[in-house]
Amino acid sequence: MTGRITVLIVDDSAVVRQVLSSRLRGSAGIEVIGAVPDPIFAMEHMNRTWPDVVVLDIEMPRMDGLTFLRKIMSTRPTPVVICSTLTRKGAETTLEALSAGAAAVVAKPTTGLKKFLEDDSGDIVAAVRAAAASNARRLSPANRAQAYVPAGVGTPVGAGGPVTDTERVVAIGTSTGGTQALEVVLPALNRGCPGIVLVQHMPEKFTSAFAERLDGMCRVRVKEAADGDPVLPGQVLVAPGGRHMELQRTGGYRVRVFDGPPVNRHRPAVDVLFRSVAKVAGRNAVGVIMTGMGDDGARGLLEMRKAGAFTVAQDEATCVVHGMPREAVLLGAVDRESPLGSLAEVIHHHG
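**What about the pairing of strand 5 (residues 104-108)?**
Turning to step 1, where the next piece is worked out: Of all five residues making up strand 5, five are buried, and the element is well covered by its neighbours.
Turning to step 2, where the next piece is worked out: The alternating pattern of strand 5 places A104, V106 and K108 on one face and V105 and A107 on the opposite face, and all of these are buried.
Turning to step 3, where the next piece is worked out: Of the strand pairs in this sheet, strand 4 (residues 80-85) and strand 5 are connected by five bridges, and their pairing is parallel. By the bridge assignment for strand 5, V81 is matched with A104.

**Structural notes on the packing of aromatic side chains**
Turning to step 1, where the next piece is worked out: By the definition in use, this model includes zero aromatic pairs.
Turning to step 2, where the next piece is worked out: Sitting over the face of the ring of Y253, R249 holds its NZ or CZ atom 4.8 Å from the ring centroid.
Turning to step 3, where the next piece is worked out: Above the plane of the ring of F258 lies R256, whose end atom (NZ or CZ) is 4.0 Å from the centre.

**So, the confidence of the model for the chain**
Turning to step 1, where the next piece is worked out: When pLDDT is averaged across the chain, the result is 88; 88% of the residues are at 70 or more.
Turning to step 2, where the next piece is worked out: Note that pLDDT drops below 50 for residues 147-164; the model gives that stretch 39 contacts with residues more than four away or on any other chain.

**Concerning helix 13 (residues 324-331)**
Turning to step 1, where the next piece is worked out: Of the residues making up helix 13, those classed as buried are M324, P325 and A328. Buried residues along helix 13 cover an arc of 100° about the axis, so they all sit on one side.
Turning to step 2, where the next piece is worked out: Of the surrounding secondary structure, the elements contacted by the buried residues of helix 13 are strand 6 (169-174), helix 11 (270-280), strand 12 (285-289), helix 12 (298-306) and strand 13 (310-314).
Turning to step 3, where the next piece is worked out: Phi turns positive, to about 80°, at G332, one or two residues after helix 13.

**Considerations on the pattern of salt bridges**
Note on pairing: side chains with opposite charge can pair once their charged atoms come close.
Turning to step 1, where the next piece is worked out: For the structure shown, the criterion picks out 13 salt bridges.
Turning to step 2, where the next piece is worked out: Note that E96 is salt-bridged to R70, the shortest N-O span being 3.7 Å. On the criterion of sequence distance, the pair formed by E96 in helix 4 (residues 88-99) and R70 in helix 3 (residues 65-75) is long-range, its members being 26 residues apart.
Turning to step 3, where the next piece is worked out: We note a salt bridge from R249 to E167, for which the minimum N-O separation is 2.7 Å. Residue R249 is found in strand 10 (residues 244-250), and its partner E167 is found in the loop between helix 8 (141-147) and strand 6; the two are separated by 82 residues along the sequence.
Turning to step 4, where the next piece is worked out: The class for R249 is partly exposed, based on a relative accessible area of 36%.
Turning to step 5, where the next piece is worked out: The network of salt bridges with shared partners includes D271, D295 and R299.

**Observations regarding the packing of helix 11 against helix 12**
Turning to step 1, where the next piece is worked out: Helix 12 packs onto helix 11 with a crossing angle of 10° between their chain directions and a minimal axis gap of 7 Å. Between helix 11 and helix 12, the angle is such that the two are roughly parallel. Judged by residue contacts, D271, F274, R275, V277 and A278 of helix 11 engage A298, R299, G300, L301, E303 and M304 from helix 12.

**Observations regarding unusual backbone geometry**
Turning to step 1, where the next piece is worked out: The omega torsion of the bond from R267 to P268 falls at 10°, within 30 degrees of zero and hence cis.
Turning to step 2, where the next piece is worked out: Its location among the elements puts P268 in the loop between strand 11 (252-258) and helix 11.
Turning to step 3, where the next piece is worked out: With phi around 80°, K205 is a residue other than glycine that occupies positive phi space.
Turning to step 4, where the next piece is worked out: Residue position: K205 is located in the loop between strand 7 (195-200) and helix 10 (207-217).
Turning to step 5, where the next piece is worked out: The exposed category is assigned to K205, whose relative accessible area is 53%.

**What to know about the environment of I33**
Turning to step 1, where the next piece is worked out: Within the fold, I33 resides in strand 2 (residues 30-36).
Turning to step 2, where the next piece is worked out: Considering only alpha carbons, one finds I33 and P51, 18 residues apart in sequence, at a separation of 7.4 Å.
Turning to step 3, where the next piece is worked out: What I33 contacts, discounting residues up to four positions off in sequence, is T6, V7, L8, H45, T49 and P51.

**Notes on the sheet that holds strand 8 (residues 221-224)**
Turning to step 1, where the next piece is worked out: Taken in spatial order, the seven strands make up an open sheet running 8-9-7-6-12-13-14, and their pairing is parallel. At either margin of the open sheet sits one strand with a lone partner, and together these are strand 8 and strand 14 (336-338). The mean inter-strand angle of the sheet, taken between neighbouring strand axes irrespective of direction, is 20°.
Turning to step 2, where the next piece is worked out: Sheet contacts for helix 11: strand 6, strand 7 and strand 12; angle to strand 6, the most-contacted strand, approximately 160°.

**Here's the deal with the sheet that holds strand 5**
Turning to step 1, where the next piece is worked out: Spatial ordering of the open sheet is given by 2-1-3-4-5, a layout of five strands whose pairing is parallel. The sheet terminates laterally at strand 2 and strand 5, the two strands that pair on one side only. Neighbouring strand axes in the sheet, compared pairwise and without regard to direction, differ in orientation by 20° on average.
Turning to step 2, where the next piece is worked out: Running over the sheet, helix 1 (residues 14-25) touches strand 1 (5-10), strand 2, strand 3 (53-57), strand 4 and strand 5 and is turned about 170° from strand 2.
Turning to step 3, where the next piece is worked out: Along the sheet face, helix 3 touches strand 3 and strand 4 and points at about 155° away from the line of strand 3.

**Side note on the pairing of strand 9 (residues 235-238)**
Remark: a regular strand shows side chains that alternate across the two faces of the sheet.
Turning to step 1, where the next piece is worked out: Of the two faces of strand 9, the one carrying Q235 and L237 and the one carrying V236 and V238 are both buried.
Turning to step 2, where the next piece is worked out: Alignment of strand 7 against strand 9, held across three bridges, turns out to be parallel. Bridged to I196 within strand 9 is V236.

Parameters and conventions
- Residues numbered from 1 in each chain as written.
- Predicted model: local features only at pLDDT ≥ 70, side-chain atom pairs only at ≥ 80, totals over all residues.
- Heavy atoms only, no water.
- Buried < 20%, exposed > 50% of the residue type's maximum accessible area, 1.4 Å probe, protein only.
- Helix = DSSP H or I, 4+ residues; strand = E, 2+ residues; numbered from the N terminus.
- Pairing = 2+ DSSP bridges.
- Phe/Tyr/Trp six-rings, centres within 6.5 Å; stacked < 30°, edge-to-face > 60°.
- Lys NZ or Arg CZ within 6 Å of the ring centre and 35° of its normal.
- pLDDT = per-residue confidence, 0-100.
- Contact = heavy atoms within 4.5 Å.
- Arc of directions from axis to C-beta.
- Salt bridge = Lys/Arg side-chain N within 4 Å of Asp/Glu carboxyl O.
- Axes fitted to C-alpha atoms, helices over the stretch in contact; angles between N-to-C directions.
- Parallel < 35°, antiparallel > 145°, perpendicular 65-115°, else oblique.

Next up, the structure:
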């Protein structure tokens, strides 16, 4: 990649193309090399000049974004940012896109689009930067399947039946590349694992569909967390997009889901969850920080380690973006670095 991040925008809305082009061109180190209305025009453009990052709409004429994404990832894996509507259908399609190799997602409303894009342009700029920093080959489904065979070659890790130890809890934090990585880790767990609380950076309204998708893949139960939900063995609680989640203890473990300002530019923030786990669970916890841009979770993981928790970072070789894990390692917050395919085994062994 050159010093500047070159971006191609593919969206059938002239308003979106105009506003995104303006905002990205106004950001240091980003160059918009084209803005086209559909994937057919995009392919013609890419045959001449291949971009570092593609910003892609899902619903377009002539060829939909999902089909185009799969074509890109199968021929020349390239970081793709999905710009998707805040609808249930949009969320489900976007999750398919993430599974197919998209690096990041930015939500857009069905009304008030121009004002939203102008007011929230920082999200698209951050998403483009995160995508540019990602390893697109690790996002490709074909390469992911070859590289990240879970421990036990597909056999779920852990005891066959539910456990009764409710003292143990596992906290997981991830961002860019996390949706794909979690599709490797969580299906490798069985109902014998401790209760899991999870933050995946994701826009509001997308986490419910994400949890349902994972639930259909896993032996453990996966659900979007609601305020007051108990943390139970064999269950994963996913923090809702747009809200923070922290661990509390009133008899047993429960989660508090609440509004609040972004932390490290994120809501939910991994640091909010990890710091609460450090205070409430101490040495009875395991902290796992996975692929992601930036440093969210690094300081919280350090607090967990100081409180006696066992802490793990996904290793650089299997991360899509080795940002959050690297920062945690540099802070001295990590007991062990593990490849993606071994994380389920680590969770079971130490959880």
